[in-house]
Amino acid sequence: MAQPILTLENIHKTFDGTKVLDGITLDVLPGQFVTLLGPSGCGKTTTLRIIAGLESPDSGRVILSGADVTRLPPEKRAVNTVFQNYALFPHMNVQKNIAYSMNLRRVKKDESAKRVEELLSVVQLEGFGKRMPAQLSGGQRQRVAIARALACDPQLLLLDEPLGALDLQLRRQMQVELKALQQKLGITFIYITHDQEEALNMSDLIAVMNGGRFEQIGSPEEIYERPTTRFAAQFIGQSNILEGDVIQSGKDRSVVEICPGNTVMVKGEYTQGERLALSVRAERIDYAKEAGYGFHLTGTIKLHSYIGGVLRTTITLKTGQELLITGANPVSLYPAGCTVEVFWDPDAAAVVERGRG
Ligand code: ATP
């Protein structure tokens, strides 16, 4: 297996007595697109700043291509950062903005000019070299910022919500462009967003962050299909969390009682008496007159609402808990007020918490 290009080793950081990073550990392989995904204030930018050398950790190590760079200043790290607000120099044209770091490193004029042209072509802005930043759209400015960040051939590009200021349509278009660019160049990207769709769309690996910790690290599919914590399940997609006690344990399937007489089947072997929290995606739940998969979970349809493309249904269980269900069919056979049996393929549910009953 390839050596990681970046390793974060048990990073801790405190600001004014408040723990902001609480043991961050991560391996990033060369060429990976890794996204830090989490709510505002969870520590994403601080993590990126520590990788860039703009902030130093209280403890832990940053290893870049096998070398410990924890105490090295930013300019000694083969890393570059793209921020949300473009940060282009307003008084310089596009060419000069892109060439800026090459001028600092005293790269020869003709070499630098050639590289600027190459980069303009990479970000599909040929012919825009003489324009000033104010004469560009938001998406074009962001592409210039990316070209500028690529000018020094960084091993690692850090991107802090680079599409955050763009409207939704342009944002979606730039997501596709940025991913294609990353694959073409083979550069490792570490990308920050709090937009789950963006993360699922673009990443090879997602680190779901909450309160200065990584809750779960995995591929988009792993994170979506097999969340391992309540937070990861609820932050991404629409999940229903159900709690119950294991009343029967088998090798492949266990029976979990949600309330007296209401049981669901869970994949895997669990200990009798154990309390489990299950996460089931809204689109994975089914309901009918007869249950499937050996379930006995009765509910009453509270509401259907058609929201264009999906029918959203709320079902109230005997416990009073409401389940949110989405389906592609715009009409349901069962109107509000009907009593139905609720079920899902046990493989589609994830156990997100285990405890003693
Ligand atoms: P957002 O999505 O809103 O940008 P984030 O996940 O990137 O949030 P950080 O910017 O890393 O979060 O901030 C994490 C916490 O650390 C916040 O509570 C923030 O107020 C605090 N913080 C960040 N930088 C400093 C600083 N220089 N001094 C004091 N507190 C700071």
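Residues numbered from 1 in each chain as written. Predicted model: local features only at pLDDT ≥ 70, side-chain atom pairs only at ≥ 80, totals over all residues. Heavy atoms only, no water.

### Side note on the packing of aromatic side chains
Then, in step 1: For the structure on display, the rule yields seven aromatic pairs.
Then, in step 2: Ring plane angle 45° and centroid distance 5.5 Å describe the contact between Phe-33 and Phe-189, whose orientation is recorded as tilted. Residue Phe-33 is found in strand S3 (residues 33-37), and its partner Phe-189 is found in strand S8 (residues 188-193); the two are separated by 156 residues along the sequence.
Then, in step 3: Relative to Phe-343, the ring of Tyr-293 lies with its centre 6.4 Å away and its plane at 50°, an arrangement referred to as tilted. You can see Tyr-293 sitting in the loop between strand S15 (286-288) and strand S16 (298-306) and its partner Phe-343 sitting in strand S19 (residues 339-343), a full 50 residues away along the chain. (Phe/Tyr/Trp six-rings, centres within 6.5 Å; stacked < 30°, edge-to-face > 60°. Helix = DSSP H or I, 4+ residues; strand = E, 2+ residues; numbered from the N terminus.)

### What about the nonpolar core?
In summary, soluble globular proteins display a tendency toward joint burial of nonpolar side chains.
Then, in step 1: Core analysis: the biggest nonpolar cluster contains 33 residues, and Ile-98, Leu-157 and Leu-178 have the highest contact counts within it.
Then, in step 2: Among the secondary structure elements, those contributing two or more residues to this core are helix H2 (94-104), helix H3 (109-122), helix H4 (138-150), strand S7 (156-160), helix H5 (168-185) and S8.
Then, in step 3: By residue number, the principal contributor to this core is H4, which donates six residues.
Then, in step 4: If we skip the residues at most four places from it in the chain, Leu-178 touches Ile-146, Leu-159, Pro-162, Leu-163, Phe-189, Tyr-191 and Met-202. (Core = buried A, V, L, I, M, F, W, Y, C linked by side-chain atoms within 4.5 Å. Buried < 20%, exposed > 50% of the residue type's maximum accessible area, 1.4 Å probe, protein only. Contact = heavy atoms within 4.5 Å.)

### Remarks on the confidence of the model for the chain
Then, in step 1: On average, residues of the chain score 92 in pLDDT, and 99% of them reach the 70 mark or higher.
Then, in step 2: Per-residue pLDDT, averaged within each element of the chain, yields its smallest value for strand S6 (residues 79-82) (85) and its largest for strand S1 (residues 6-15) (98). (pLDDT = per-residue confidence, 0-100.)

### Things to note about the packing of H2 against H4
Then, in step 1: Put simply, H2 and H4 touch, their axes get as near as 7 Å, and they point 30° apart. As the angle between them shows, H2 and H4 are arranged roughly parallel. Considering the relative orientation of H2 and H4, their crossing is right-handed. Where H2 abuts H4, its residues Val-94, Asn-97, Ile-98 and Ser-101 lie against Val-144, Ala-147 and Arg-148.
Then, in step 2: Across the contact of H2 with H4, the residue classes break down as four nonpolar, two polar and one charged. (Axes fitted to C-alpha atoms, helices over the stretch in contact; angles between N-to-C directions. Parallel < 35°, antiparallel > 145°, perpendicular 65-115°, else oblique. Left-handed = near helix turned anticlockwise from the far one by under 90°. Nonpolar A, V, L, I, M, F, W, Y, C, P; charged D, E, K, R; others polar.)

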